[in-house]
Protein chains: 2
Amino acid sequence: MGIFQRFARLPLKSTYIWSLCPQYSTDLTAVDRALIVRSSNPGAAPPRLPFSRVTREDLAFFRTLLPGRTITDPDLLKSSNVDWLKTVEGNSEVLLRPKTTEEVSQILRHCNERNLAVCPQGGNTGLVGGSVPVFDEIILSTSLMNQVITFDNISGILTCQAGCVLENLSNYLEERDFIMPLDLGAKGSCHIGGNVSTNAGGLRLLRYGSLRGTVLGLEVVLADGRILNCLATLRKDNTGYDLKQLFIGSEGTLGVITAVSILCPRKPKAVNVAFLGCSSFQQLLETFQCCRGMLGEILSAFEFFDASCMSLLEKHLKLTNPITESPFYIVIETAGSNATHDEEKLHKFLEEVMTSSLVTDGTVATEATKIKALWSLRERVTEALTHEGYTYKYDISLPVEKIYDLVQDMRGHLGDMAKNVVGYGHVGDGNLHLNITSPSKDPALLAAIEPYVYEWTSEWKGSISAEHGLGLKKRNYIYYSKPSEAVALMGSIKAMLDPKGILNPYKTLPDNIH
Amino acid sequence: MGIFQRFARLPLKSTYIWSLCPQYSTDLTAVDRALIVRSSNPGAAPPRLPFSRVTREDLAFFRTLLPGRTITDPDLLKSSNVDWLKTVEGNSEVLLRPKTTEEVSQILRHCNERNLAVCPQGGNTGLVGGSVPVFDEIILSTSLMNQVITFDNISGILTCQAGCVLENLSNYLEERDFIMPLDLGAKGSCHIGGNVSTNAGGLRLLRYGSLRGTVLGLEVVLADGRILNCLATLRKDNTGYDLKQLFIGSEGTLGVITAVSILCPRKPKAVNVAFLGCSSFQQLLETFQCCRGMLGEILSAFEFFDASCMSLLEKHLKLTNPITESPFYIVIETAGSNATHDEEKLHKFLEEVMTSSLVTDGTVATEATKIKALWSLRERVTEALTHEGYTYKYDISLPVEKIYDLVQDMRGHLGDMAKNVVGYGHVGDGNLHLNITSPSKDPALLAAIEPYVYEWTSEWKGSISAEHGLGLKKRNYIYYSKPSEAVALMGSIKAMLDPKGILNPYKTLPDNIH
């Protein structure tokens, strides 16, 4: 039984909230919003909506359509029912593994007619409970939709099925002298379709921009099975509304992405990574400003993590700190077309930040395995945290000069309640990953964190989810970052594209909108 | 009287077309599409829709709301009723010049209640008849909404009202060591709100990407006067659907953009421009490939125009060709953080293309006035063309290796019918501006060009409007680049956001969708 089923008997919660926030109401006050999100446990599941249950006839239909790819064995379903963090667990009894867009279309047409809820699933690496069923939703996995369709090595435009694993695409492109415009820690498992559905950010956004710019086309199956072919391979196309944008970042609630075309940058001829230590966050910010000026167009990443993260890397993953212990660590990557020029820029920059004492110690790598080793320090922080017990994860956008204030403020606010309060993230994007650990799930700690962390973020006009999305866990906190008119309009879009609400229910939109 | 009014008596045209393409029909064949766009003159205005006429009471309302800013003098209205190319002329009797978002909100609330059609207008520099009234729509000008709201010189995020002129913003930023992420020939007149509404591309897209990535937030007034505040100033925000994308590129048909926040790059420390001649388009393409490899991250523009364009620049604008006559001319711009490195890269590249005879002649500028002079050759082609009589303008995206084939094919196809068939555009984006001139408007010539040009484009899976949008003139050709399911969905979005259809009617969507 799913861990959320115990919340299914909460009395009329969504009706109660609805009365506070009717669609298109413009007079929702901050107090109302706080009421909404404080009511019971806003991150927990709402009551199951009245979708149909899967019948023997439904299974027969799926088995005919997907012979050998309609999974009902509970053991095989287990890993698809629970998220990577093991914080959300559903109870789905059917996992479907289509290979083609036409199969996805037939699945959704059937589910829509039968009023069966569907949870689209890529690599299931999401952190907000967006990619697993909440109750008994049918899991529609893209794992067998893993073919590259075309790659044009003049334009660098790749077209592929949604289930291609990001790292496989990266390897495919590297052989052809190109790279993917995005890179993230979960690359070994995550699917490009999931990346697009969640508008994944990651480590290269600073340089290559967001998927809203690099994704050129999408093929999407709508809730009723219609196939929407917007799979253009053009850098520019202003013929009507840009429909694909609706599906980027909407977490599978508006349609199922089945194919993606994406603009890929040339593989840089030279890559350098510098790993530096700073004695204060202020010095880290000054280093960032200096870096942007001196490295300019070759800067491809500016990441940070704090000393607490380093301790966890050493303790749980046995990684070695390559430099002197420091309160803050920076990973800077340059990528360019001329190794000599890049090294010269990097050395001038390092000279500047060392002589001005902005940076206390550092090391530089130009060789691939060493680069990988330095990057893994930053990339494996998430993994190290999972060894600490239970992790409360927050993914916050703020004006860059404020991002570490939140970590420090939270430490003071929580005192001994938390085992660890750590900060890491993408300085270049003003994006902090605030992580708070405790030996096990701790409702009192959670109550001390939320909504405090969201109020803090909202006060600085930040985003309560910079890149992770809202999924199940954060859906009811949307009002901290979006006005009620905007949320109501999102509800209208959902109602237009998925009138029965079968696509990834209980996700992204708050309970008063479903 | 507007030049389009004579088409107003066409018998039941939209009803007729509707029967060919019901909403959500999936069986529209290429033949049907051809029928749609061949019926009468698809670029001309449809019959006037049954909007109310402006009454004395309406004027009294506007005059109270906007004292001294409600213009009804026909002489003052003249320039707002006609587009820059003087190819579309409306007959509006009221021009409103709000200064605040609240005023825009009140105007639209009134117009929506009264069923009065509205044409939002920025700098009125559009090329597809999107920014002028077709009949008697009220013109809502953003010209007095020209204030910078905030600029953060750490993040480079600018927030301003929609009516700021692009060049003024560029000057404002240059003083602060930043630049706008877009630049276009019309910069002296166009408004940033219009740029965003049309998803303008321009000269820097190759480097800084499209507005879909650089625009971080929008404030929009919806058709019924509701203000939608999505004016975030964050690089990353994945809280719900990205509503602002609906308004980027929808040409004022879904809402009126009143404020924009946009991510601005640092001003490059070094800028170089090379002006080169090539003896064939194949050599130009090889030069482009070589350039991308050798200039890499400092390449900020790769533009071209043909010998016919140069003749027109010399003839009409008395500009001087700075190099030997060639069939093709290229403008390459580099922008970087290190002048020495950039010059070294550029010189190595020039050496390579000169010794391999890809380029026949060239000149380089690093000084601002010389850079400007070289750029003006490319930027003033549009202006030179206006002196030729009537210009039929096409803005096509194609696989880059195909873009000049269309010009040559069109020359053969039209023979002596056309005075000039010229090509110029953005090689880096696969974006051709195909221009065909004749001494005056020539229906026979038009019939020879269209739908031929669109069929050609469609065959190569190109876009019939890369960056200009559809406006009035191209609306009915949308099916050449978008499947009918997509167009139907656009119609649903329009109906959801503007149920009475008062916002920029007769634009963007084809007549069968209105």
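Just so we're clear, the structure is a prediction, and the values are computed from it rather than from any experiment.

A. Broad picture of the nonpolar core. Counting 192 residues, the largest nonpolar core has A:I436 and B:I436 as its most contacted members. Leaving out residues up to four positions away in the same chain, B:I436 has contacts with B:Y390, B:T391, B:Y392, B:Y394, B:M410, B:L414, B:A418, B:N420, B:V421, B:L445 and B:I449.

B. Representation of helix α3 (residues 56-65) of chain B in the model. All names here are of chain B. Residues of α3 that are buried: D58, L59, F62 and L65. Down the axis of α3, the buried set is contained in an arc of 130°. They therefore lie on one face. Exposed side chains of α3 directed beyond 90 degrees from the buried face belong to R56, E57 and T64. Elements in contact with the buried residues of α3: β1 (70-71), β2 (95-96), α5 (101-114) and β4 (138-141).

C. Examining the UniProt feature "domain: FAD-binding PCMH-type" (unreviewed entry) in chain A more closely. Mapped onto this numbering, the UniProt entry annotates "domain: FAD-binding PCMH-type" (unreviewed entry) at residues 87-267 of chain A. Taken end to end, residues 87-267 of chain A comprises 23% helix and 22% strand; its first and last C-alpha atoms sit 38 Å apart.

D. Fine view of the side chain of A:R69. Along the chain, A:R69 falls in the loop between α3 (56-65) and β1 (70-71). What A:R69 contacts, discounting residues up to four positions off in sequence, is A:L95, A:L96, A:R97, A:P98, A:K99, A:E103 and A:L144.

E. How the structure looks around the sheet that holds strand β8 (residues 227-230) of chain B. All names here are of chain B. The strand order across the open sheet formed by 5 strands is β5-β6-β9-β7-β8, and the pairing between neighbours is antiparallel. For this open sheet the edge positions go to β5 (148-152) and β8, each flanked by a neighbour on one side alone. On average, each strand axis in the sheet is tilted by 10° relative to the strand beside it, whichever way the strands run. Strand direction decides the pairing type here: strand β6 (residues 157-161) and strand β9 (residues 256-263), joined by 5 bridges, are antiparallel. Considered in β9, the bridge of I157 is made with L263. Running at roughly 45° to strand β7 (residues 215-221), α5 makes contact with β7, β8 and β9 of the sheet.

F. Inspection of the state of the cysteines at higher detail. Residues and elements named next belong to chain A. Taken as a whole and assessed by the stated rule, the structure comprises 0 disulfides over all chains. With no disulfide of its own, C119 has C111 as its nearest cysteine by sulfur position, at a separation of 12 Å. The exposure class of C119 is buried, given its relative accessible area of 0%. Between C278, a cysteine without a disulfide, and C290, which holds the nearest cysteine sulfur, the sulfur-to-sulfur distance is 11 Å. On the basis of relative accessibility, which here comes to 0%, the residue C278 falls in the buried class.

G. Here's a closer look at the packing of aromatic side chains. Counted by the stated rule, this structure contains 36 aromatic pairs over all chains. Taken together, a centroid distance of 5.3 Å and an interplanar angle of 20° make the contact between A:F281 and A:Y404 stacked. Of this pair, A:F281 sits in helix α11 (residues 281-295) while A:Y404 sits in helix α16 (residues 403-414); the two residues are 123 residues apart in sequence, bridging distant segments of the chain. The same class applies to A:F281 and to A:Y404, which are both buried. Ring geometry for B:W456 against B:W460: centres 6.4 Å apart, planes inclined by 40°, an arrangement best described as tilted. Here B:W456 falls in the buried class, since its relative accessible area comes to 12%. According to the relative accessible area criterion, B:W460 is partly exposed, its value standing at 38%. Aromatic ring contacts, followed pair by pair, group A:F281, A:F304, A:F328 and A:Y404 into a single cluster. Its end group placed over the ring of B:Y172, B:R176 keeps NZ or CZ at 3.6 Å from the ring centre. We note B:K402 situated over the ring of B:W460; from NZ or CZ to the ring centre the distance is 3.9 Å.

H. Geometry of the interface of chain B and chain A. Taken together, the contacts link 84 residues of chain B with 84 residues of chain A. Across the chain B to chain A interface the summed buried area is about 6700 Å²; carbon plus sulfur atoms make up 56%. When the buried surface of chain B facing chain A is broken down by residue, B:K236, B:N238 and B:Y241 rank first, second and third, together holding 15% of it. Linking chain B to chain A there are 8 salt bridges. Residue B:K482 pairs with A:D237 through a salt bridge whose shortest N-O separation is 3.4 Å.

I. Structural view of the sheet that holds strand β16 (residues 431-438) of chain A. All names here are of chain A. Reading across from one edge, β13-β10-β12-β11-β15-β16-β14 is the order of the 7 strands in this open sheet, with antiparallel pairing throughout. Looking at which strands have only one partner, the edges of the open sheet turn out to be β13 (361-365) and β14 (390-397). The sheet shows a mean angle of 15° between the axes of neighbouring strands, taken without regard to direction. Pairing geometry for strand β10 (residues 270-278) and β13, over 5 bridges, is antiparallel. Paired with G277 across the strands is D361, a residue of β13. Sitting on the sheet, helix α12 (residues 307-317) is in contact with β10, β11 (299-306), β12 (328-336) and β15 (420-426), with an inclination near 80° to β11.

J. Structural detail: the pattern of salt bridges. Residue and element names in this part refer to chain A. Applying the stated criterion across every chain yields a total of 46 salt bridges over all chains. Between D58 and R114 there is a salt bridge; the shortest N-O distance is 2.6 Å. Residue D58 is located in helix α3, and its partner R114 is located in helix α5 (residues 101-114); the two are separated by 56 residues in the primary sequence. For D58, a relative accessible area of 1% puts it in the buried group. Look at R114 and you get partly exposed, because its relative accessible area is 26%. Connected through salt bridges with shared partners, the residues R48, R53 and D136 form a single ionic network.

K. Spatial organisation of the relation of the copies chain B and chain A. The transform that puts chain B on chain A rotates by 180° and translates by 0.0 Å along the axis, for an RMSD of 0.0 Å. Accordingly, the operation relating the two chain copies is best matched by a two-fold axis. Closest to the rotation axis within chain B is the C-alpha of B:G213, separated from it by 2.4 Å.

L. Expanded view of the confidence of the model for chain A. Looking at chain A, the pLDDT average stands at 92 and 92% of residues meet or exceed 70. Confidence over residues 1-32 of chain A falls short of pLDDT 50; this stretch has 60 contacts with residues more than four positions distant or in other chains.

Cut-offs used in this document
Along each chain, residue indices are assigned from 1 in the same order as the chain's sequence is written. By the order in which they are written, chains take letters starting at A while ligands take numbers starting at 1. Residue-level local features of this predicted model are given only where pLDDT is at least 70; pairs of side-chain atoms are given and counted only at 80 or more, and the full residue set underlies all totals for whole chains, interfaces and linings. Excluding hydrogens and water, the side-chain values take into account all heavy atoms of the structure. Residue types Ala, Val, Leu, Ile, Met, Phe, Trp, Tyr and Cys, when buried and joined through side-chain atoms within 4.5 Å, form a set referred to as a nonpolar core. Think of it in three bands: with a 1.4 Å probe and only protein chains considered, a residue is buried below 20% of the maximum accessible area for its type, exposed above 50%, and partly exposed in between. Throughout, a residue-residue contact means that at least one pair of heavy atoms, one from each residue, lies within 4.5 Å. We count a stretch as a helix when DSSP gives it H or I for four or more residues in a row; a strand needs E for two or more, and each element gets its number in order from the N terminus. Note that the arc is computed from the directions linking the helix axis to the C-beta atoms. UniProt positions are given in the numbering used here, feature names are shortened, and annotations may be inferred rather than shown by experiment. At least two bridges found by DSSP between two strands is the condition for calling them paired. Orientation is described by axes fitted as lines to C-alpha atoms, over the contacting stretch for helices, and by angles from 0 to 180 degrees between their N-to-C directions. Pairs of cysteine sulfur atoms within 2.5 Å are identified as disulfides in what follows. Working definition: rings of Phe, Tyr and Trp (its six-membered ring) pair if their centres are within 6.5 Å, and the pair is stacked with planes under 30 degrees apart, edge-to-face with planes over 60 apart, and tilted otherwise. Two limits define a charge over a ring: the Lys NZ or Arg CZ must be within 6 Å of the ring centre, and within 35 degrees of the ring normal. What counts as buried area is the accessible surface, traced by a 1.4 Å probe, that two parts surrender upon association, with contributions from both included. Note on definitions: salt bridges are taken to be side-chain nitrogens of Lys or Arg within 4 Å of carboxyl oxygens of Asp or Glu. A residue counts toward the fit only if its pLDDT is at least 70 in both copies, and the copies are then superposed by least squares on the C-alpha atoms of those residues. The predictor's confidence in any single residue is recorded as pLDDT, a number from 0 to 100.

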